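Single-letter residue listing:
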Amino acid sequence: MPLTTHRMTPSKLLCLISAACLTLASPFALNAADKTKSEKAKPAAEIDPYAEVQPATETLDLTAYQRIRDEGFNHSHVMDFAYALMDGIGPRLTGSPNLKKANAWTRDTLTKIGLENAHLEDWGEFGLGWQQLNTWARMVTPDTAVLIVQATPWSPSTPGPVTGDVTYVNIQTEKDIDTYKGKLAGKVVLFGAMREVPPADKALFDRYTEKELEDIAEFPVSAAAGGIPPEMQARLAARTERLRLIDKIAQFFADEKVAAVIEPSRDAKNGGGSGGTLFDDNGATLGRTPYIASKAVKIPVAVAAIESYGRLYRLTQAHVPVSVEIDVETKVNGEHEHGFDTVAEIPGTDPTLKDQVVMVGGHLDSWIAGTGATDNGAGTVVAMEVVRILKSLDLHPRRTIRIALWTGEEEGIFGSKGYVTNHFGSAATSTAPDQMQLPEFMRRATGPLTVKPEQKLLSGYFNIDNGTGKIRGIYTQGNYAVAPIFTQWIAPLKDLGVTTVTNRNTGGTDHLSFDAVGIPGFQFIQDDMDYESRTHHSNEDTVERLQPADLKQIAVVEAIFVYNAAQRDQMLPRKPIPTPDQEEQKRKALEVMPGVVEPAAK
């Protein structure tokens with residue numbers, strides 16, 4: 001998931017579960033044989049998902065639960081998929097040759113396991129088709145030392161190994177640029193403050209405690225609920241200003257003809273950004289949209305592990321002459337590469353419901369430092385295992401089950417947004433000057449929302465993008481009506497550790513594209529493991545960080561959610577249709593103060 005909008009803090013179940021939910025203790029009340037269907041069911045195209053009346057008690061097929069558990073735990077192939085994707089293909093930056101391989105491999109593999117209509121859908125032009133071939137650096141004087149570095153995404157190459165004197169550059173405002181004019185030609189520039197490196201005195205690997213899950217279930221109500229808190233607005237404003245400056249700094253370095261730039265890797269939770277770990281993502285790139293050819297970075301840039309950067313920094317601050325030899329070898333395969341999503345289906349079998357769809361997915365693309373195992377190879381291979389389980393059991397779902405593996409997620413959920421726009425609907429985004437300074441996916445929607453006929457045929461979308469940790473519950477994304485439904489679904493799964501339903505929102509990944517157009521989109525609560533501390537966008541994000549037992553559990557739980565959604569008589573309940581064009585007006589203060597006198601005109 002993108003670093004800029006990583007998942008928000010979880011939230012709490014507001015609605016009380018009706019007494020009818022307690023009948024979950026009686027298996028005979030849940031048997032699929034007890035299901036009654038209307039003899040005069042409406043065709044799917046005539047159903048209004050916003051008007052369907054939801055039953056108080058869910059009818060669950062516990063035999064299907066048992067069969068899914070047996071297949072997912074005792075005959076799993078999730079690690080077969082993982083080894084093929086992460087080891088066999090590797091990192092999958094959007095636009096890169098590796099992502100093309102991954103698109104083709106997922107399409108062909110989904111066909112091999114029996115899905116129908118497996119194909120690639122073009123979501124539009126992305127930009128540079130780039131790949132890192134090799135990057136290395138070493139200190140030459142006053143000592144020799146190997147440095148841990150990687151090229152930042154979309155960096156150009158050096159003309160072979162180059163050696164330059166090292167200088168530290170501190171530019172905080174545009175005026176600071178003048179300090180360095182005419183002084184950087186041929187230099188290896190250290191760019192970025194040397195941060196503190198705290199001891200890793202807390203576990204880098206952890207799971208949720210029962211107390212933490214209880215806290216997640218609590219819905220926080222604050223004065224800023226529904227809006228952006230002032231402190232977040234200030235951070236966004238500061239970040240916007242910094243991004244604007246970054247483009248100017250990158251051009252200045254190019255004009256100065258620096259040999260290369262080395263940046264320090266950021267830190268992570270509990271001091272996890274140390275010990276040779278480096279994070280190579282959009283926070284390290286020297287530019288806002290360096291994947292667009294017209295805005296490409298013109299000088300080689302590498303990110304260094306903090307220990308490598310620290311030695312160089314301290315020597316320069318002590319006025320010791322330092323030189324570094326660096327070789328950045330990258331390749332651009334095209335300047336106007338398109339992005340593609342992989343899509344395939346298990347067709348529905350119910351004459352009246354087969355045109356309705358339940359979707360499952362995750363993002364296929366990754367960053368480059370590791371092999372994209374926890375972000376988001378895990379979500380990809382789990383989604384593939386979900387449909388493999390359901391297909392192998394020959395369960396004949398009533399609704400069509402569709403898997404979609406997105407690309408361009410890391411740069412701004414481009415793949416899922418493009419798919420949703422093409423199939424379900426969209427709203428215009430603001431063109432105000434301040435909004436145009438933000439990445440497209442962060443701009444304010446101005447609406448009105450326009451929906452397409454397919455929008456009312458999608459019951460819901462289930463997403464995994466929080467790493468390798470097992471599922472502990474689910475976020476309803478503020479969909480209060482679905483909370484009692486999910487509570488009943490997870491009751492037979494509590495022995496697997498699935499206990500929590502929360503009405504909190506969570507952000508930063510592809511379910512948001514669906515939520516934005518009024519379609520129920522859900523992300524699961526997962527144990528954190530070492531995702532936030534060590535693997536998220538780092539060189540540690542490899543197969544070794546995957547937990548096979550957890551991935552099996554995720555696949556079983558998600559398969560049950562998808563199957564239940566495909567089988568119920570009604571579509572999943574929906575929140576009110578979004579009205580992005582009215583949001584600003586709704587948040588304006590009411591003019592209710594008595595005795596107000598209009599100020600005199602100047």
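Within any chain, residue numbers begin from 1 and follow the written order of that chain's sequence. Local features in this predicted model are restricted to residues whose pLDDT is 70 or higher, and side-chain atom pairs enter the listing and the counts only when it is 80 or higher, whereas totals over whole chains, interfaces and linings include all residues. Excluding hydrogens and water, the side-chain values take into account all heavy atoms of the structure.

The next thing to look at is the pairing of strand β8 (residues 323-346). Strands pair, by our definition, only if DSSP identifies at least two bridges between them. Each helix is a run of DSSP H or I of at least 4 residues and each strand a run of E of at least 2, with the numbering of both proceeding from the N terminus. Examined bridge by bridge, strand β1 (residues 116-141) and β8 share 19 bridges and lie antiparallel to one another. By the bridge assignment for β8, Met139 is matched with Val324. Two elements, β8 and strand β10 (residues 400-406), share five bridges in a ladder whose sense is antiparallel. In the strand pairing of β10, Val343 is matched with Ala404.

Now for the pattern of salt bridges. Salt bridges are defined by distance alone: a side-chain nitrogen of Lys or Arg within 4 Å of a carboxyl oxygen of Asp or Glu. Counting across every chain of the model gives 29 salt bridges. Of the charged contacts in the structure, one is a salt bridge between Glu174 and Lys248, with a shortest N-O distance of 3.0 Å. You can see Glu174 sitting in the loop between β4 (162-169) and β5 (188-191) and its partner Lys248 sitting in helix α5 (residues 230-256), a full 74 residues away along the chain. With relative accessibility at 37%, the residue Lys248 sits in the partly exposed group. The shortest N-O distance in the salt bridge between Asp527 and Arg207 comes to 3.0 Å. Of this pair, Asp527 sits in the loop between β16 (521-526) and α13 (531-535) while Arg207 is found in the loop between β5 and α4 (210-217), placing the two residues 320 residues apart along the sequence. Three exposure classes are used, based on accessible area relative to the maximum for each residue type with a 1.4 Å probe and protein chains only: buried under 20%, partly exposed in between, and exposed over 50%.

Attention now moves to helix α2 (residues 78-87). When α2 is considered as a whole, its buried residues turn out to be Val78, Met79, Phe81, Ala82, Leu85 and Met86. One side of α2 holds all its buried residues, which, seen down the axis, span an arc of 150°. Between two residues, a contact is recorded if the distance between any of their heavy atoms is within 4.5 Å. Structurally, α2 contributes buried residues whose contacts are with α3 (97-112), α7 (373-392) and α14 (548-567). Starting at the helix axis, one direction is taken to each C-beta atom, and the arc is that of these directions.

Among the structural elements, Leu62 can be located in helix α1 (residues 62-74). With relative accessibility at 28%, the residue Leu62 sits in the partly exposed group. Here the alpha-carbon distance between Leu62 and Ile560, two residues 498 residues apart in the chain, equals 10.0 Å.

Before going further, it helps to spend a moment on a nonpolar patch on the surface. A patch consists of residues whose relative accessible area exceeds 30% and which take part in no salt bridge; residues with like charges are grouped when within 9 Å of each other, and nonpolar side chains (Val, Leu, Ile, Met, Phe, Trp, Tyr) when within 5 Å. Each accessible area value is a Shrake-Rupley result obtained with a 1.4 Å probe; residue values ignore everything except the protein chains displayed when judging cover. Together, Tyr50, Val451 and Ile577 make up an exposed nonpolar region whose accessible area comes to about 230 Å². Along the chain, Ile577 falls in the loop between α14 and α15 (583-587). Residue classification places Ile577 among the partly exposed positions, given a relative accessible area of 39%.

Before going further, it helps to examine helix α9 (residues 414-423). Within α9, seven of the 10 residues are buried, which leaves the element mostly enclosed by the surrounding structure. Along α9, the residues classified as buried are Phe414, Gly415, Ser416, Gly418, Tyr419, Val420 and His423. In the stretch just after α9, Gly425 is the one whose phi turns positive, near 150°.

The next point concerns the packing of aromatic side chains. A pair of aromatic rings is counted whenever rings of Phe, Tyr or Trp (Trp by its six-membered ring) have centres within 6.5 Å, and the orientation is called stacked for planes under 30 degrees apart, edge-to-face for over 60 and tilted otherwise. On inspection of all chains with the given rule, the structure shows 26 aromatic pairs. Among the aromatic residues, those joined into a cluster by ring pairs are Trp123, Phe126, Trp154, Tyr291, Trp367 and Phe414. Geometrically, a charge over a ring is one whose NZ (Lys) or CZ (Arg) sits within 6 Å of the ring centre while staying within 35 degrees of the ring normal. A cation over a ring is seen here: Arg266 above Phe279, with NZ or CZ 4.1 Å from the ring centre. The ring of Tyr50 is capped by Arg574, whose NZ or CZ atom sits 5.2 Å from the centre of that ring.

Glancing now at unusual backbone geometry. For the bond running from Thr141 to Pro142, omega is 5°, close enough to zero to count as cis. You can see Pro142 is positioned in the loop between β1 and β2 (145-147). Here the residue pair Asp375 and Asn376 is connected by a cis peptide bond, since its omega of -5° sits within 30 degrees of zero. If you trace the backbone, Asn376 turns up in helix α7.

Moving on: the environment of Asp122. Locating Asp122 in the fold gives a position in strand β1. Exposure remark for Asp122: the relative accessible area of 37% places this residue in the partly exposed category. It is 28 Å that separates the C-alpha atoms of Asp122 and Leu572, two residues lying 450 residues apart in sequence. Beyond its immediate chain neighbours, meaning those up to four positions away, Asp122 contacts His338, Gly339, Phe340 and Asn422. Nitrogen and oxygen atoms within 3.5 Å of one another constitute a polar contact, given that in protein one can donate a hydrogen and the other can accept it, and given that sequence-neighbouring residues count only through two side-chain atoms. Of note is the side chain of Asp122, whose polar atom sits 2.7 Å from the backbone nitrogen of Gly124. Side-chain polar atoms of Asp122 contact the side chain of His338, separated by 2.9 Å.

On to the nonpolar core, then. Ile68, Leu390, Ile403, Phe462, Phe486, Trp489 and Phe561 are the most contacted members of the largest nonpolar core, which has 67 residues in total. Per-element accounting of this core gives the leading share, 12 residues, to α14. Among residues more than four places away in sequence, those in contact with Phe561 are Phe462, Ile474, Phe486, Trp489, Ile490, Leu493 and Phe524. Ranked by size, the runner-up nonpolar core spans 34 residues in total, among them Val188, Tyr291, Val322 and Trp367. Definition of nonpolar core: a set of buried residues of the types Ala, Val, Leu, Ile, Met, Phe, Trp, Tyr and Cys, connected through side-chain atoms within 4.5 Å.

Here the focus is the environment of His119. With respect to the helices, strands and loops of the structure, His119 is situated in strand β1. Separated by 15 residues in sequence, His119 and Asn134 place their C-alpha atoms 33 Å apart. For His119, the residues in contact, after removing those within four places along its chain, are Arg107, Asp341, Thr342 and Val343.

So, about the packing of helix α11 (residues 483-490) against α14. A pair of packed helices can be characterised by two numbers: the angle between their axes and the separation between those axes. Here an axis means a line fitted to C-alpha atoms, over the contact stretch when the element is a helix, while the angle between two N-to-C directions is reported on a 0 to 180 degree scale. The N-to-C vectors of α11 and α14 enclose an angle of 125°; their axes lie 11 Å apart at closest approach. Relative to α14, the element α11 is oriented oblique. At the point where α11 passes α14, the crossing takes the right-handed sense. Two secondary-structure elements touch here, α11 through Phe486, Trp489 and Ile490 and α14 through Phe561, Asn564 and Ala565. For classification purposes, an angle smaller than 35 degrees is called roughly parallel, one larger than 145 roughly antiparallel, one from 65 to 115 roughly perpendicular, and anything else oblique. Should the near helix be turned counterclockwise from the far one by less than a right angle, the crossing is left-handed, whereas a clockwise turn marks it as right-handed.

Looking at the element boundaries, Glu337 is found in strand β8. Assessed through its relative accessible area of 14%, Glu337 is described here as buried. There is a polar contact of 2.8 Å between the side chain of Glu337 and the side chain of Lys100.

Turning to the pairing of strand β7 (residues 301-304), a few remarks are in order. Residues Val301 and Val303 of β7 are buried on one face, and the alternating residues Ala302 and Ala304, pointing to the opposite face, are buried as well. For strand β3 (residues 149-151) and β7, the ladder comprises three bridges, and the chain directions are antiparallel. By the bridge assignment, Val149 is partnered in β7 with Ala304. Note: strand β6 (residues 260-264) against β7, four bridges, orientation parallel.

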